[in-house]
Amino acid sequence: MRITIKNGRIIDPATGRDKAGDLHLADGKIAEEGKADRVIDAKGLVVAPGFIDIAARLREPGFEYKATLESEMDAAVAGGVTSIACPPDTDPPLDEPGLVDMLRRRAKALTRARVYPIGALTVKLEGERLTEMAQLTEAGCIAFSHGNAQVVDTQVLWRALQYAATFGYPVWLRAEDAALAKGGVSHDGEVATRLGLPGIPSFAETIAIHTMLELIRATGARVHFCRLSTAGAVELMRAAKREGLPVSCDVGIHHLHLCDRDLGYFDPNCRLEPPLRSQRDRDALSRGLEDGVIDCTCSDHTPVDDDGKHLPFAEAEPGATGLELLLPLTLKWGTAQKLSLAAALARITSEPARILRAGSGTLAPGAPADLAIFDPAAEYRLGADTLKSQGKNTPFLGYSLNGRVLYTIVAGNVVYEG
């Protein structure tokens, strides 16, 4: 299929392109020119690289009652997301090549977004025995992680980073001291005290980061820090990058807009991992993403069924749906920070592509023809009926948002038309 997209505002943060014009697609790639089998008129619309979400749980295998691969892939392309990195905390975890291969085959058969599996760092995510990283890499894993579970035994983490550094495998870690966070469900502050909720202190994150940075210095492992949530973590990342350590980091999109005050009267949709922190932390995360200390944002998409959310706050299952909100919430953040549209889009296109080491995230000739065509000014009210995801759990239900995807193209094929 050869496609020409005419009259659009073409924004490519990777190359600095931001001007009106036409874009040609041929043989699944961006082309210089060519005849078209189909013409899409994008007048008044933005044409951008497809969005890359480096943390989205697709719930297969094991949690199909919460969501299915098909429903979440539909949600992805409806949100303009063309590439997804999947954490390993499925059931069973992605700790065997056969499971990784099955996930990739299922995703490929659906012919929607590209899926990048992240392998389990230890067997069954139990934090005791390292997985066969070489075999998992051959099966298609692009990195290794422990999901939201923590590697409690520091010696195991040390050995894991040694092994990963030897073979050049990236390791993705969420920093949290398991003992300090034990039993906590919210940020340890005034709101938690008023609501009578057990808290998780900010230093549960920063103490864990200090430990991990020492191990990185000792091993030289390349580590991506997932879902920073505190101001202290931002400053530690700033110092680590200034030192030249091989680190990168991201922030969940919800943590750029919400804080612990948004828990209101125990809203279970605000029960997240890591928890929503203070206003000061939220603002520090936003500034860190703006000035490049935080490399990119992600949806941290975690669909949860009604049974998991319709519980008292402390018992509710953590997580929020986010694949379809990645664009509008990124636009909302960029507007608040007074950034250009290209600068805001870089956080969900070129920057996550760099972390994934993927060839997408750009509209340069020869790059994969993965695109999102959207109207940044289109306003809509978010409701459960407007979400393609099987998970309707989001703190933003009822909000008016801007940014509607009209076309999503993957490998030169139109996979969504809104």
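Scroll up for the structure.
Residues numbered from 1 in each chain as written. Predicted model: local features only at pLDDT ≥ 70, side-chain atom pairs only at ≥ 80, totals over all residues. Heavy atoms only, no water.

## Brief notes about the packing of aromatic side chains
Inclusion rule: For this analysis, a ring pair means two rings from Phe, Tyr or Trp (six-membered ring only for Trp) whose centres lie within 6.5 Å, classed as stacked if their planes differ by under 30 degrees, edge-to-face if by over 60, and tilted for the remaining angles. Segments assigned H or I by DSSP are reported as helices when at least four residues long, segments assigned E as strands when at least two residues long, and all are numbered from the N terminus. Exposed residues in this analysis have more than 50% of their type's maximum accessible area, buried residues have under 20%, and partly exposed residues fall in between, with area computed by a 1.4 Å probe over protein chains only. Definition used: whenever NZ (Lys) or CZ (Arg) falls within 6 Å of the ring centre and also within 35 degrees of the ring normal, the charge is taken to sit over that ring.
Applying the stated criterion across every chain, the model contains 7 aromatic pairs. The interplanar angle of 55 degrees and the centroid separation of 5.6 Å between the aromatic rings of phenylalanine 144 and tyrosine 169 together place this pair among those described as tilted. Placement of phenylalanine 144 in strand β9 (residues 143–145) and of tyrosine 169 in the loop between α4 (154–167) and β10 (171–173) is noted, with a sequence separation of 25 residues between them. Assessed through its relative accessible area of 1%, phenylalanine 144 is described here as buried. The cationic tip of arginine 59 hangs over the ring face of phenylalanine 63; the distance from NZ or CZ to the ring centre is 5.5 Å. The side chain of arginine 404 reaches across the aromatic face of tyrosine 380, ending 4.7 Å from its centre.

## Description of the packing of helix α8 (residues 231–243) against helix α9 (residues 279–291)
Just so we agree on the cut-off: Angles shown run from 0 to 180 degrees and are taken between the N-to-C directions of axes, each axis being a line fitted to C-alpha atoms and, for helices, limited to the stretch in contact. Geometric relationships in this document are graded by angle, where less than 35 degrees denotes roughly parallel, more than 145 denotes roughly antiparallel, 65 to 115 denotes roughly perpendicular, and other angles denote oblique. The contact rule is simple, with two residues in contact once any of their heavy atoms fall within 4.5 Å. Residues are grouped as follows: nonpolar covers Ala, Val, Leu, Ile, Met, Phe, Trp, Tyr, Cys and Pro; charged covers Asp, Glu, Lys and Arg; every other residue, Gly included, is treated as polar.
Taken N-terminus to C-terminus, the directions of α8 and α9 make an angle of 30 degrees; their axes are 8 Å apart at the nearest point. Looking at the two axes, α8 sits roughly parallel to α9. Seen from α8, the contacting residues are Ala231, Val234 and Arg238; seen from α9, they are Arg280, Asp281, Ala284, Leu285, Gly288 and Asp291. Residues that form the contact of α8 with α9 fall into these classes: 4 nonpolar, 1 polar and 4 charged.

## Topic: the environment of tyrosine 265
Assignment of secondary structure puts tyrosine 265 in the loop between β14 (247–252) and α9. Note: C-alpha distance between tyrosine 265 and leucine 195 (70 residues apart in sequence) is 8.1 Å.

## Things to note about the pairing of strand β17 (residues 400–410)
Going by this rule: Pairing between strands requires that DSSP locate at least two bridges from one strand to the other.
By the bridge criterion, 8 bridges tie strand β16 (residues 371–381) to β17 in an arrangement that is antiparallel. Bridging across to β17, alanine 372 finds its partner in threonine 408. Here β17 runs beside strand β18 (residues 413–417); their pairing, made up of 4 bridges, is antiparallel. Bridge pairing in β18 links isoleucine 409 to valine 414. The hairpin formed by β17 and β18 contains 2 residues between the paired strands, and alanine 411 there has a positive phi angle of roughly 55 degrees.

## Here we look at the nonpolar core
We count it as follows: Here the nonpolar core consists of buried residues drawn from Ala, Val, Leu, Ile, Met, Phe, Trp, Tyr and Cys, with membership extended through side-chain atoms lying within 4.5 Å.
Among the nonpolar cores identified, the biggest contains 97 residues, and Phe51 and Phe225 are the most heavily contacted of them. Core analysis: the second largest hydrophobic core is formed by 17 residues, Leu23, Ile40, Ala42 and Leu371 among them.

## So, the side chain of serine 350
With respect to the helices, strands and loops of the structure, serine 350 is situated in helix α13 (residues 350–356). Looking at serine 350, the relative accessible area reads 14%, which means it is buried. Apart from the residues within four sequence positions on either side, serine 350 is in contact with Pro13, Ala14 and Gly361.

## Overview of helix α11 (residues 326–336)
Residues spaced three or four apart along an α-helix point in a common direction, a consequence of the helix completing one turn every 3.6 residues. A large share of α11 lies buried, amounting to 8 of its 11 residues. Those residues of α11 that fall on the buried side of the exposure criterion are Leu326, Leu327, Pro328, Leu329, Thr330, Leu331, Trp333 and Gly334. Among the residues trailing α11, lysine 338 stands out with phi positive, at a value near 60 degrees.

## Side note on the layout of surface pockets
What counts here: With a 1 Å grid laid over protein atoms only, a set of points is called a cavity when a 1.4 Å probe fits there but cannot get out and a pocket when it is open yet has protein on both sides within 12 Å along at least five of seven lines; lining residues have an atom within 4 Å of a point. Grid points are joined across faces, edges and corners, and a volume is the space filled by probe spheres set on the points.
Counted as a void, the largest pocket has a volume near 380 Å³. Looking at the largest pocket, it is lined by 14 residues, and the ones nearest its centre are Ala107, Lys108, Ala113, Arg114 and Val115. Broken down by secondary-structure element, the contributors of at least two residues to the lining of the largest pocket are α2 (97–110), β8 (114–120) and β18. For the lining of the largest pocket, the element with the most residues is α2, which contributes 4 residues. Taken together, the residues of the lining of the largest pocket sort by class into 7 nonpolar, 2 polar and 5 charged.

## Quick word on the packing of α4 against helix α7 (residues 203–219)
Put simply, the rule is: Left-handed describes a crossing whose near helix is turned anticlockwise from the far helix through less than a right angle; right-handed describes the clockwise counterpart.
For the pair α4 and α7, interaxial distance at closest approach is 10 Å and the crossing angle is 40 degrees. One finds that α4 runs oblique with respect to α7. Here α4 runs over α7; the crossing is right-handed. Residues Thr154, Leu157, Trp158, Leu161, Gln162 and Ala165 of α4 touch α7, and the partners they reach there are Thr211, Met212, Leu215 and Thr219. For the contact of α4 with α7, the class distribution of residues is 6 nonpolar, 4 polar and no charged.

## Observations concerning α9
To keep things clear, this is the line we draw: Take the residue count of a helix, subtract one, and multiply by 1.5 Å to get its expected span.
Taking 1.5 Å per residue, 13 residues should reach 18 Å; α9 reaches 18 Å between its end C-alpha atoms and fits that length. Within the sequence span of α9, burial applies to Asp281, Arg282, Ala284, Leu285, Ser286, Gly288 and Leu289. Residues of α9 that are buried make contact with β11 (186–187), α8, β14, β15 (296–298) and α11. Positive phi appears at glycine 292, one or two residues downstream of α9, with a value of about 90 degrees.

## Notes on the sheet that holds β10
On the basis of which strands lie adjacent, the open sheet formed by 8 strands has the order β6-β7-β8-β9-β10-β13-β14-β15 and parallel pairing. Looking at the sheet topology across the chains shown, the edges are occupied by β6 (51–53) and β15. Geometrically, the sheet is characterised by an average inter-axis angle of 30 degrees between neighbouring strands, direction not taken into account. Pairing between β10 and strand β13 (residues 223–225): 3 bridges, direction parallel. Among the inter-strand pairings, tryptophan 172 is bridged to a residue of β13, identified as histidine 224. Sheet strands touched by α11: β6, β7 (81–86) and β15. Its angle to β6, the strand with the most contacts, is close to 100 degrees.

As far as function goes, none of this settles anything; it's purely spatial.
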